[in-house]
Amino acid sequence: MSGEGPADLAAAAGRAVEAAVSAGASDAEVWAESTREREVRVHAGEVESLTQATGHGIGVRAWIGARTGYAYGTDLSDEGIRQLGAGAAELAGLADEDEHAGPADPGGDPATVEGLRDPEISAWSAERVVELAKAVERGALDEDDRVSSVEQAVYVDVDGRVALATSLRDEPLGYEASSCYAYTQAMAGAADDRQTGLGFGVGRSPASLDPEVIGREAGAEAVSMLGSSKPASRSCPAVLADTVAASFAGFVGGALCADSIQRGRSPFAGRLGQELASTALVLTDDGLDPDGLSSAPFDGEGTPCRRTPLIEGGRLLAYLHDTYTARREGASPTGNAFRSSYRSAPSVSTSNLVVKPGAGTLEELVAEAEAGVFVTDVAGLHSGVNPVTGQFSVGASGRLIKGGELAEPVREFTIAGDLVELLASIRSCGGHSRWIPFGGSVKTPPLLVAELAIGGT
Amino acid sequence: MSVELLDAELASRVLARSLERGGDFAEVFCESREGFALQVDESRVESPQRGAERGAGVRVVSGEVSYFAHVDGLAEDDLLRAAEAATAALAAGAREPRQLKAVEVASPSPIEIDPASVEPERKLELLREADQRARSAGDAVTQVSASYSEGSRRVQIFNSDGLVASDERTRVRLGIQVVAARDGVVETGFETLGATQGWELLSGDPGRIADQAAAKALALLDAGPAPAGETVVVVGGGFGGVLFHEMTGHGLESDAVQKDASVYAGRMGEMVAQPLLTAYDDGSMPGEWGSGAIDDEGTPSRRTAVIEEGRLTSFLYDRVRAGHDGTESTGNGRRESFRHLPVPRMTNTYIAPGDATPEEIIADVPDGFYAVSFGGGQVEPASGDFVFGVSEGYLIEGGKVTKPCRGATLIGNCLQALNRIDAVGSDFEMKTGFCGKSGQTVPVGTGQGHVRIAGMTVGGTAVS
């Protein structure tokens, strides 16, 4: 583990709370973290780079009554911590009052989630993870002779711990968690028809990754796109690959966060309790699944994490809340205050989004679609999806579906529509789901959508 | 003005330790960064935030393999431990680093007024004014969010070739997002003003961007669905340059080229565009968003002609990739922070101004699409396929800009699209952006005058 032991980290957090309070804050909350990270990049059987790093930092949120300020830094010396605490209090003085602002209620014990840290992570040497990354690359090259090379095979892991102290708690909270991922981008074909394919895996330690499967997925995907053409514009049924479904689920999850709703920046605003989705879709925010990389005993404010059903029976059941958004509408926090790191104050975010699998294989979904498109990749989501209106138009590639079977590859087309209508037009969910690190942390099967607008020639 | 974050003697010790187990080149990259940000949302001052980080990255290059370790803080013990961690996998004989010798490179972006010295209340006033101006643009404006951020990044680089170089980069940025709604239709407009400059950037009338963002959101309320299909596309000046950045710039970065993951690999010296097109990458432009005195390896910033009169003339290099090609770094070795390895990245990339006025460029189009600005884009360098979301677009009918369109996407292949540029405008402007690659985000400038592309696919919701 890294330099700061759990006791040091908790003590630093506690001192920062005191520093903010003695500088005039009425309340304070401190998030401290320390991490050890590795990254390996491999190309053509050789290591391109090997990174080993340690890091630490704290973020202080201070309140003066109903005004909030935030300061973060990496200096954990006594003087550094004193300055951070004082800085956060001073910044609170700049903010306007917001009657709903304030620290989280310390009630409720942290949830118990087993297996957040896999000790295997520190048992694997740098040499072993280098071998893993090389095996990913080999997997891609072995998949098919038409795989020409691999742009990069990458392995990353993070072993970290956090501590949270607030002026309302007697004792700091803390936990340890590990995570890792590997991915590769394979290239197939030659200059006039070069296609790429992605393969990836995520887990709590390298022991949970299968490098060959990751590599083969990338190789197979690249090869499957060779000889692709642009499809004709049409409106037709579509099967969304799990990776594509995950990306869209991520946008839906973001639009169900209460801050977007309360600020009128979500297509789901004012629609709680309404029947707006297909009954084939069951969507849950699950902060407790040990395999979900966003699971934790408590969120970024110390509220216990939990499971929140979002859509079931076609009905929108809940929005996701942190302490602030919950107070603003008299709801309960759902344990969804998350931070990307100590550098940012917590804000409402999904934990792990889980789409309940249906029955049936991918082939059966394709057969059910009969004629249409199997979308295996989408691009330009950041610019192509308007999270305020829910409208989207994004680049896509995949395969045509003819006579209930996968046919020739197609690319350079767009898929366009509306997120809420997309939810309503889901006809079935595939029977097998997996964890996908796109759109947050999402577990979803492929989805069959009754109708989607395709823009091509 | 030179920055001193680390004592030269300590730096020498860390470099010597870094080469104890072999390696051809060692480097210590020290950084201290401070930032301040403020936001007015729902007409309320929210989330004032301040941050301070300090740390170092130690890199050892052996052959073409980079060994890297980074630590928070600049304490001697930590730096020496990082040097050991970086090179743990090496097992060759020690090398002696060269005597350190400071190189002074003047900043292309001198700061007149340090933004950190300006009272926070003045920054607040600025945001409140922007908020008010956007709200007074029309009853349909429902939400306004205005943000201000300032950051200062001081870096000092020591390497085993004896280089000591430093730079201080101060950036200021104002952004405003406006949401307008009418009859169930919701639209957004976004505008920014930013530069590698001090507080002086915001003298004049910075609040004008609030008017612009509001006007954009309001105009889009009347928008119809975008057409789908192949058509002539006129791309706006300034932020329209992001199209060139994405579709061509990334393919010129030497790491992609050397892995044959760029459509421009093997095309050096070939005509890749019409002779009217010349383009540069220039990290030495005064005050621009991607500017600096040096890159993040200590190489002085410079202007590199990447396309001259249609001909491909240079790729963009950092040290490692330049070594591979037996050439020199073009000053494009950039990194997000001390926590990242340098990789070849664009700085400020632009299409040089042409002769035509925007009106002339549009007047020649009987039927087409006018993409004023983009929400962003994505390109797959290996295949050259790209996608862009148009945040503000209009139809062109009979040589005139007519109806606004929503939800348009431009999609195509970069080799074709670049070669089809048949007009470049004289109305040159640079804009700010953030570019992500290899998990690192760096500030970049993009720019151009109006540009016309003879044929491109527009993907919209209007399916014919």
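Quick caveat, the model's predicted, so the values are computed rather than measured.

1. Topic: the overall build of chain A
- A count of helical and extended segments in chain A gives 11 helices and 20 strands.
- By the compact-globule yardstick of 23 Å for 457 residues, chain A fits well, its C-alpha radius of gyration being 24 Å.
- The burial tally for chain A puts 61% of its 457 residues in the buried class.
- Counting contacts in chain A only where the partners sit at least 6 residues apart, residues at least 24 apart contribute 72% of the total.
- Working note: accessible area of chain A is about 16300 Å², and carbon and sulfur atoms make up 48% of it.
- The averaged location of the 65 negative side-chain charges in chain A is 2 Å from the averaged location of its 36 positive side-chain charges.

2. Some thoughts on the state of the cysteines
- The tally for this structure, following the rule as stated, stands at 0 disulfides over all chains.
- Free cysteine Cys-236 of chain A: the closest other cysteine sulfur is in Cys-429 of chain A, separated by 19 Å.
- For the unlinked cysteine Cys-435 of chain B, the closest cysteine sulfur is that of Cys-414 of chain B, found at 14 Å.

3. Section: the layout of surface pockets
- Each pocket or cavity is described by its volume, and for the second largest pocket that value is around 850 Å³.
- Lining of the second largest pocket is provided by 40 residues; of these, Ser-32, Arg-33, Glu-34, Ser-152 and Arg-154 of chain B occupy positions nearest its centre.
- Only β3 (67-73) and α2 (78-92) of chain A together with β1 (25-41), β2 (44-62), β5 (141-159) and β6 (163-182) of chain B provide two or more residues apiece to the lining of the second largest pocket.
- Here the residues of the lining of the second largest pocket sort into 13 nonpolar, 15 polar and 12 charged.

4. Points about the nonpolar core
- With 62 residues, the main nonpolar core has Phe-248, Phe-268, Val-378, Ile-415 and Leu-423 of chain A as its most contacted residues.
- By residue number, the principal contributor to this core is helix α6 (residues 242-255) of chain A, which donates 7 residues.
- Not counting residues up to four positions away in its chain, the partners in contact with Phe-248 of chain A are Leu-240, Val-378, Phe-392, Val-394, Ile-415, Leu-419 and Leu-422 of chain A.
- Counting 55 residues, the second-largest nonpolar core is a separate cluster that includes Leu-38, Leu-174, Ala-180 and Ala-214 of chain B.

5. Re the domain arrangement of chain A
Residue and element names in this part refer to chain A.
- The domain architecture assigned to chain A consists of domain 1 (6-224) and domain 2 (234-455).
- Placing a centre on the C-alpha atoms of domain 1 and another on those of domain 2 gives a separation of 23 Å.
- At the interface, 43 residues of domain 1 touch 36 residues of domain 2.
- Between domain 1 and domain 2 lies a buried interface of about 3200 Å² when both sides are counted; carbon and sulfur atoms form 61% of it.

6. Describing empty space enclosed by the protein
- Evaluation of the coordinates by the stated rule reveals 4 cavities of 30 Å³ or more.
- In terms of residue count, α6 of chain A provides more of the lining of the largest cavity than any other element does, 4 residues in total.
- Split into classes, the residues belonging to the lining of the largest cavity amount to 13 nonpolar, no polar and no charged.
- When its volume is computed, the second largest cavity comes out at roughly 90 Å³.
- Around the second largest cavity sit 13 residues that line it, and Arg-169, Gly-290, Gly-292, Ile-294 and Arg-334 of chain B are the ones nearest its centre.
- When grouped by side-chain class, the residues that make up the lining of the second largest cavity number 1 nonpolar, 7 polar and 5 charged.

7. Considering helix α1 (residues 8-18) of chain B
Residue and element names in this part refer to chain B.
- Burial in α1 covers these residues: Leu-10, Ala-11, Val-14, Leu-15 and Ser-18. Relative to the axis of α1, the buried residues are bounded by an arc of 140° and lie together on one face.
- Buried-residue contacts for α1 involve β1, β2, α2 (76-86) and β5.

8. Details of the pairing of strand β2 (residues 46-64) of chain A
- In terms of residue burial, β2 of chain A counts as a mostly covered element, since 15 of its 19 residues are buried.
- Pairing of β2 of chain A with strand β3 (residues 65-72) of chain B, which is carried by 5 bridges, proceeds in the parallel orientation. Bridge pairing in β3 of chain B links Thr-51 of chain A to Phe-68 of chain B.
- With 7 bridges joining them, β2 of chain A and β3 of chain A adopt antiparallel strand pairing. If you follow Val-60 of chain A over to β3 of chain A, its bridge partner there is Ala-71 of chain A.
- Counted along the chain from β2 of chain A to the antiparallel partner β3 of chain A, the turn is 2 residues long, and its residue Gly-65 of chain A has a positive phi close to 60°.

9. A few points about the pairing of strand β4 (residues 147-166) of chain A
Residues and elements named next belong to chain A.
- Among the 20 residues in β4, 18 count as buried, and that is most of the element.
- The pairing of strand β1 (residues 27-43) with β4 spans 14 bridges and is classified as antiparallel. If you follow Val-42 over to β4, its bridge partner there is Ala-153.
- Bridge analysis of β4 against strand β5 (residues 173-190) gives 16 bridges, and the strand direction is antiparallel. Bridge pairing in β5 links Tyr-155 to Ala-182.
- If you look at the hairpin formed by β4 and β5, you'll find 6 residues sitting between the two strands.

10. A closer look at the packing of helix α3 (residues 120-135) of chain B against helix α4 (residues 208-220) of chain B
Residues and elements named next belong to chain B.
- Where α3 contacts α4, the axes come no closer than 8 Å and their chain directions differ by 35°. By crossing handedness, the relation of α3 to α4 is classed as right-handed. Contacts between α3 and α4 involve Ala-130, Arg-133 and Ala-134 from the first element and Arg-208, Ala-210, Asp-211 and Ala-214 from the second.
- Considering only residue class, the contact of α3 with α4 consists of 4 nonpolar, no polar and 3 charged.

Criteria and cut-off values
- Residues numbered from 1 in each chain as written.
- Chains lettered and ligands numbered in written order.
- Predicted model: local features only at pLDDT ≥ 70, side-chain atom pairs only at ≥ 80, totals over all residues.
- Heavy atoms only, no water.
- Helix = DSSP H or I, 4+ residues; strand = E, 2+ residues; numbered from the N terminus.
- Rg over C-alpha atoms; globule rule 2.2 N^0.38 Å.
- Buried < 20%, exposed > 50% of the residue type's maximum accessible area, 1.4 Å probe, protein only.
- Contact = heavy atoms within 4.5 Å.
- Areas by Shrake-Rupley, 256 points an atom, 1.4 Å probe, with all protein chains shown as cover.
- Lys, Arg positive; Asp, Glu negative; His and termini not counted.
- Charge placed at Lys NZ, Arg CZ, Asp CG, Glu CD.
- Disulfide = S-S within 2.5 Å.
- 1 Å grid on protein atoms, 1.4 Å probe; cavity = no way out; pocket = protein on both sides within 12 Å on 5 of 7 lines; lining within 4 Å.
- Points joined across faces, edges and corners; volume = space filled by probe spheres on them.
- Nonpolar A, V, L, I, M, F, W, Y, C, P; charged D, E, K, R; others polar.
- Core = buried A, V, L, I, M, F, W, Y, C linked by side-chain atoms within 4.5 Å.
- Domains from an automatic or database assignment.
- Buried area = accessible area lost by both parts, 1.4 Å probe.
- Arc of directions from axis to C-beta.
- Pairing = 2+ DSSP bridges.
- Axes fitted to C-alpha atoms, helices over the stretch in contact; angles between N-to-C directions.
- Left-handed = near helix turned anticlockwise from the far one by under 90°.

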